[in-house]
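So you can see what is in the structure, the chains are spelled out below.
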Amino acid sequence: MPNLDRSCSLRRLALALASAALLGGSLMAAAQTSAAPVSGTLPVAAPELARALPDFSILVEQAGPAVVNIRTSEKVKVANAQVDEQMRELLRRFGIPVPPQRRTPPGAAPTPSPAPDDDEDDDAPQRRGLGSGFVIGADGYVMTNAHVVDDADEVTVTLTDKREFKAKVIGLDRRTDVAVLKIEANNLPLLRMGDVGKLKVGEWVMAIGSPFGFDNTVTAGIVSAKARDTGDLLPLIQTDVAINPGNSGGPLLNLRGEVVGINSQIYSQSGGFMGISFAIPIDEAMRVADQLRANGRVTRGMLGVYPDDVSKEVAEAIGLGKPQGALVSRITPAGPGEKAGLQLGDVITRFDGKAVEKAVDLRRLAAAARPGTKVPLQVFRRGVYKELTATLDALPDDRAAATPDAETPAATGAQAWGLTVSELSEAQRKELKVDGGLRIDTADGPAARAGLRVGDVILSANNAEVKTVKQFQAALSKMEKGKPLQMLVRRGEVATYVVLKPGKG
């Protein structure tokens, strides 16, 4: 009986295993059937796309030593007035520099205060800044953002091995936000420059910098967009890499350890990272850096026109077919465009053989060319394409930021009336058959309420003829506060008097 019981038990075990095997096979078949692609459903991802996240550790070890921390300081001019102790304590709590308190001993004559422009006062409060950068020359050249070192009285560069150097600003370019520094060091580690043209949207990238002063901080993400148009001279690389104050000037690297951009800007409503950051393409930055190293400044070409985009409605109306090119809305008097024969209303479709799709393309192409270069232009005028040649002038230095440059309309004290005006070109004066006048470039506030529009021409202000911006400013300066402004304005072939009432815009 014991042997029989054992054999029965073995038989039951065998049946149970067989049933389990059959059940498992059925479940496997069902799973395979349900996983099979069905018409209209998405296919299963290919194995090569389901890879593990990249390991950045080796990349950090290789690239990290070439990334630097940058600290700046700037002396703050303060008034001679004494600050009471309560206010001084409030400033200290918020980390704001406190001006030194000069005390006069009882019975002593007051100590004369130094002149406001005295730069020799070592006790003067300092405004300090933080940024990042990276080595582009083994002999001590470092690249960073212009806004990191602009107006700094002292720049200190710290390497990853904790060595510190006082840096000299070789040159900076505000228009592209690129700066080159020089430190007295040799045999520095270098980073390889990448090919931005091969950069792909969705590709992994990594940033190294000093956000909030935390040296050698590494963040990573993907390329969100290429050639993001921000209206500046350079299209930017958009990423979702975490960038914060202090990251500016640091490198953006691909997985091959090559620099593809300089971290420069973030889009933020809070001042901190919100998922969108921008980097300057490294190929454009290096072209700027080469000029800064050679000359300390950047020279750019200028066509001397004010381009606008062509809307779909305008393109259809003038027979252009599709919205493309740069519409010439204003021409600088005696500038390259006027000398080349450009006219108001022309649409520039090609510049030096390159297609112009929108206004910003024309600005960038002209800026990328050297002054003095002869450039062929293709222009669409009244239904016909024409070929012209322009010799470019030099775009004014970006350090003349306080004065209007030749690519932006002149601004005057007329902003209080909601106006921005510019002088008529010779071609415009001939077309309107006038000796002078001012074109309205913007009309807001009181000007808009009075019915003025962009393109209207101001012939007189308060019964004084105005042919230049200077004459217009003089007429406004003689006005009594609170009094209305009376102007003779021409629109098309009709001239009429317009009265602007002061008030909030």
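Residues numbered from 1 in each chain as written. Predicted model: local features only at pLDDT ≥ 70, side-chain atom pairs only at ≥ 80, totals over all residues. Heavy atoms only, no water.

Caption draft 1: The arrangement of the overall build of the chain in detail. Of the regular secondary structure elements, the chain holds 11 helices and 28 strands. Each of the 505 residues in the chain was classed as buried or not, and the buried ones make up 40%. Contacts in the chain between residues far apart in sequence, at least 24 positions, make up 61% of those at least 6 positions apart. Carbon and sulfur atoms provide 54% of the accessible area of the chain, an area that totals close to 28,200 Å². (Helix = DSSP H or I, 4+ residues; strand = E, 2+ residues; numbered from the N terminus. Buried < 20%, exposed > 50% of the residue type's maximum accessible area, 1.4 Å probe, protein only. Contact = heavy atoms within 4.5 Å. Areas by Shrake-Rupley, 256 points an atom, 1.4 Å probe, with all protein chains shown as cover.)

Caption draft 2: Quick look at the nonpolar core. In this structure, Phe 134, Met 143, Leu 252 and Ile 282 are the most contacted members of the largest nonpolar core, which totals 39 residues. With 22 residues, the next largest nonpolar core counts Ala 414, Ile 440, Leu 452 and Phe 472 among its residues. (Core = buried A, V, L, I, M, F, W, Y, C linked by side-chain atoms within 4.5 Å.)

Caption draft 3: Layout of the pattern of salt bridges. Applying the stated rule across the entire model yields 10 salt bridges. For Glu 164, the salt bridge is made with Arg 71, and the minimal N-O distance between the two is 3.3 Å. Placement of the pair is Glu 164 in strand E5 (residues 164-166) and Arg 71 in strand E1 (residues 67-75), with a sequence separation of 93 residues. Overall, Arg 71 belongs to the partly exposed group, its relative accessible area being 32%. One salt bridge in this structure joins Asp 441 and Arg 439, with 2.6 Å as the shortest N-O distance. Residue Asp 441 shares its accessibility class with Arg 439, and that shared class is buried. (Salt bridge = Lys/Arg side-chain N within 4 Å of Asp/Glu carboxyl O.)

Caption draft 4: Representation of empty space enclosed by the protein. The final tally for this structure, using the stated rule, is two cavities of 30 Å³ or more. Approximately 60 Å³ is the volume attributed to the second largest cavity. Considering the residues around the second largest cavity, the lining is formed by Val 67, Val 68, Asn 69, Thr 158, Leu 159, Thr 160, Lys 162, Gly 209, Ser 210, Asp 215 and Asn 216. Considering every element that reaches the lining of the second largest cavity, the biggest residue donor is E1, with three residues. Residue composition of the lining of the second largest cavity, grouped by class: three nonpolar, six polar and two charged. (1 Å grid on protein atoms, 1.4 Å probe; cavity = no way out; pocket = protein on both sides within 12 Å on 5 of 7 lines; lining within 4 Å. Points joined across faces, edges and corners; volume = space filled by probe spheres on them. Nonpolar A, V, L, I, M, F, W, Y, C, P; charged D, E, K, R; others polar.)

Caption draft 5: Representation of the layout of surface pockets. In this structure, the largest pocket occupies an estimated 640 Å³ of space. Glu 284, Arg 287, Arg 364, Ala 367 and Ala 368 are, among the 27 residues lining the largest pocket, the residues nearest its centre. At the level of elements, helix H5 (282-295), strand E19 (354-355) and helix H8 (359-368) are the ones that each hand at least two residues to the lining of the largest pocket. Of the residues forming the lining of the largest pocket, the biggest block, six residues, is contributed by H8.

Caption draft 6: Broad picture of the environment of Gly 372. Here Gly 372 shows up in the loop between H8 and strand E20 (374-381). The residues touching Gly 372, leaving out its near neighbours within four places in the chain, are Thr 391 and Leu 392.

Caption draft 7: Region of the structure containing helix H11 (residues 469-477). Within the sequence span of H11, burial applies to Val 469, Phe 472, Ala 475 and Leu 476. An end-on view of H11 places all buried positions within 120 degrees of arc, on one side of the element. Among the exposed residues of H11, those pointing more than 90 degrees away from its buried face are Lys 470 and Ser 477. Packed against the buried residues of H11 are strand E23 (419-423), strand E24 (438-443), strand E25 (457-461) and strand E27 (485-491). (Arc of directions from axis to C-beta.)

Caption draft 8: Inspection of H5 at higher detail. Compared with an ideal rise of 1.5 Å per residue, which puts 14 residues at 20 Å, H5 spans 20 Å between its outermost C-alpha atoms and is within 8% of the ideal. Directly after H5, the chain includes Gly 296, whose backbone phi takes a positive value near 80 degrees. (Expected span 1.5 Å × (residues − 1).)

Caption draft 9: Inspection of the side chain of Thr 176 at higher detail. Topologically, Thr 176 is positioned in the loop between strand E6 (168-173) and strand E7 (178-182). A polar side-chain atom of Thr 176 sits 2.5 Å from a polar atom in the side chain of Asp 173. Sequence-distant contacts of Thr 176, defined by excluding residues within four places in its chain, comprise Leu 234, Ile 280, Val 288 and Arg 300. (Polar contact = N/O pair within 3.5 Å; in protein donor to acceptor, adjacent residues only side chain to side chain.)

Caption draft 10: Geometry of the packing of aromatic side chains. According to the stated counting rule, one finds two aromatic pairs in the structure shown. Plain terms: the ring middles of Phe 380 and Tyr 385 are 5.0 Å apart, the flat faces sit at 65 degrees to each other, and that makes the pair edge-to-face. In this structure Tyr 385 comes out as partly exposed when scored by relative accessible area, which is 41%. One Lys or Arg, Arg 293, reaches over the ring of Tyr 141 and ends 3.9 Å from the middle of that ring. (Phe/Tyr/Trp six-rings, centres within 6.5 Å; stacked < 30°, edge-to-face > 60°. Lys NZ or Arg CZ within 6 Å of the ring centre and 35° of its normal.)

Caption draft 11: Representation of the pairing of strand E17 (residues 326-331) in the model. Counting buried positions along E17 gives five out of six residues, so the element sits mostly inside the fold. Pairing geometry for strand E16 (residues 305-309) and E17, over five bridges, is antiparallel. Looking at the pairing, Tyr 306 lines up with Arg 330 of E17. Sheet topology places E17 next to strand E18 (residues 347-351); two bridges connect them, and they run antiparallel. Across the sheet, Ala 326 pairs through a bridge with Ile 348, a residue of E18. (Pairing = 2+ DSSP bridges.)

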